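Topology and contacts: notes
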Amino acid sequence: MSTGAVARESYYERTGAGRFKPTAHAGGAWSPGEQHFSPVAGLVAHEIERYLAGRPGGAGGLVVGRIGYDILGRIALDECEVTVETVRPGRTIELLEATVVIGDRAVVRARAWLMASLDTSSVADSPREPMPAPDGLPRWEMGGQWDGGYIASIEVRRTPPVRRGRTAAWLSTPLGLVAGEESGALASYITLVDTANGIAVQQDPAEWMFPNVDLTIHLHRQPEGPWTGLDTTVTFGPTGQGLTSTVLHDIHGPVGQAEQILTVRPQPRA
């Protein structure tokens, strides 16, 4: 496969142990020189999955119950390094930490709680209703409102918004996460979650900036592909903060919830 073909088919290319070069498909929506956080989040989950798979005994029957990302600064569209370590080992509960470094600066830190997988199907229940199936929803050309290689790479099927800051959408992508590597269902799912902040727009992004500084995902069930469902509500407060809250779905129903805190400010004038 040629280098050009690889770049068209993945968000990242591996350049070494824990090192990755983003392709143009990872380009951000706020700035062409930045990575969109969605594939970054997926890359971290991918490396967590590989870290667990490489241990004696693998994950040991544990699954991710929560993964929380803190965005520490600008994530340049440059080569990055991802490291994973165990913070709190355990047989039924374990805490991992991952760090993304660009140059000599940490740009993302993430912590993932792993929890024992048990059979609780007899009491499984959720008051959340499933989203309408993606096949029955119209395709939304998200690139009409947002720029960047990542936005151009995804397919979005969205319910017609009834008001600003409220909608539901299904997302999928034909691209792989890392060229030549298979990603697990969780990493592939998470790769699309951060897009929530752009599907239920409160204000015109040409007039207002509202980037998120974190992403926290809680799961009550492990998601399955190929669609990531986002039932999203965006709230802007009166003092420069906002919140994007999303009920997460796969095609079988709800799987959890995601939260993103936003810094809301007017776009600088030229």
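Because the structure is predicted, anything quoted here is derived from the model rather than measured.

In terms of helices and strands, the protein carries five helices and 15 strands. Taken over the C-alpha atoms alone, the protein extends approximately 55 × 45 × 40 Å along its principal axes. Counting across all 270 residues of the protein, residues that qualify as buried make up 48%. Nonlocal contacts in the protein, meaning residues at least 24 apart in sequence, comprise 67% of its contacts between residues at least 6 apart. Counting only carbon and sulfur atoms, one obtains 52% of the accessible surface of the protein, whose full area is about 12900 Å².

Turning our attention to the layout of surface pockets. Considering only enclosed or pocket space, the largest pocket measures out at about 590 Å³ in volume. Lining the largest pocket are 18 residues, and of these L118, T120, H220, R221 and Q222 sit closest to its centre. Elements supplying a minimum of two residues to the lining of the largest pocket: β3 (62-71) and β6 (105-116). Looking at which element gives the most residues to the lining of the largest pocket, the answer is β3, with three residues.

Y12, F37, Y69, I217 and L248 are the most contacted members of the largest nonpolar core, which has 64 residues in total. Residue contributions to this core peak at eight residues, all from helix α2 (residues 37-53). Counting residues in each nonpolar core, the second largest holds five residues, with L137, A168, W170 and W227 among its members.

Looking now at the pattern of salt bridges. Applying the stated rule across the entire model yields 13 salt bridges. Two residues, R19 and E79, come together in a salt bridge whose shortest N-O distance is 3.0 Å. Of this pair, R19 sits in strand β2 (residues 19-22) while E79 sits in the loop between β3 and β4 (80-88), and the two are 60 residues apart along the sequence. Two residues, R55 and E94, come together in a salt bridge whose shortest N-O distance is 2.6 Å.

Attention shifts here to the confidence of the model for the protein. Summary statistics for the protein give a mean pLDDT of 94 and a share of 97% for residues scoring 70 or more. Taken as a whole, residues 1-8 scores under 50 in pLDDT and shows ten contacts with residues more than four places along the chain or in a different chain.

The subject of this paragraph is the packing of aromatic side chains. All chains considered together, the criterion is met by six aromatic pairs. Measuring from ring centre to ring centre gives 5.1 Å for W30 and W146, while their planes differ by 85°; the resulting arrangement is edge-to-face. Separated by 116 residues along the polypeptide, W30 in the loop between β2 and α2 and W146 in the loop between β6 and α3 (149-153) bring together distant segments of the chain. On the accessibility criterion, W30 (29% relative accessible area) is partly exposed. Judged by centre distance (5.9 Å) and plane angle (80°), the ring pair of W146 and F210 falls under edge-to-face.

Parameters and conventions
- Residues numbered from 1 in each chain as written.
- Predicted model: local features only at pLDDT ≥ 70, side-chain atom pairs only at ≥ 80, totals over all residues.
- Heavy atoms only, no water.
- Helix = DSSP H or I, 4+ residues; strand = E, 2+ residues; numbered from the N terminus.
- Buried < 20%, exposed > 50% of the residue type's maximum accessible area, 1.4 Å probe, protein only.
- Contact = heavy atoms within 4.5 Å.
- Areas by Shrake-Rupley, 256 points an atom, 1.4 Å probe, with all protein chains shown as cover.
- 1 Å grid on protein atoms, 1.4 Å probe; cavity = no way out; pocket = protein on both sides within 12 Å on 5 of 7 lines; lining within 4 Å.
- Points joined across faces, edges and corners; volume = space filled by probe spheres on them.
- Core = buried A, V, L, I, M, F, W, Y, C linked by side-chain atoms within 4.5 Å.
- Salt bridge = Lys/Arg side-chain N within 4 Å of Asp/Glu carboxyl O.
- pLDDT = per-residue confidence, 0-100.
- Phe/Tyr/Trp six-rings, centres within 6.5 Å; stacked < 30°, edge-to-face > 60°.

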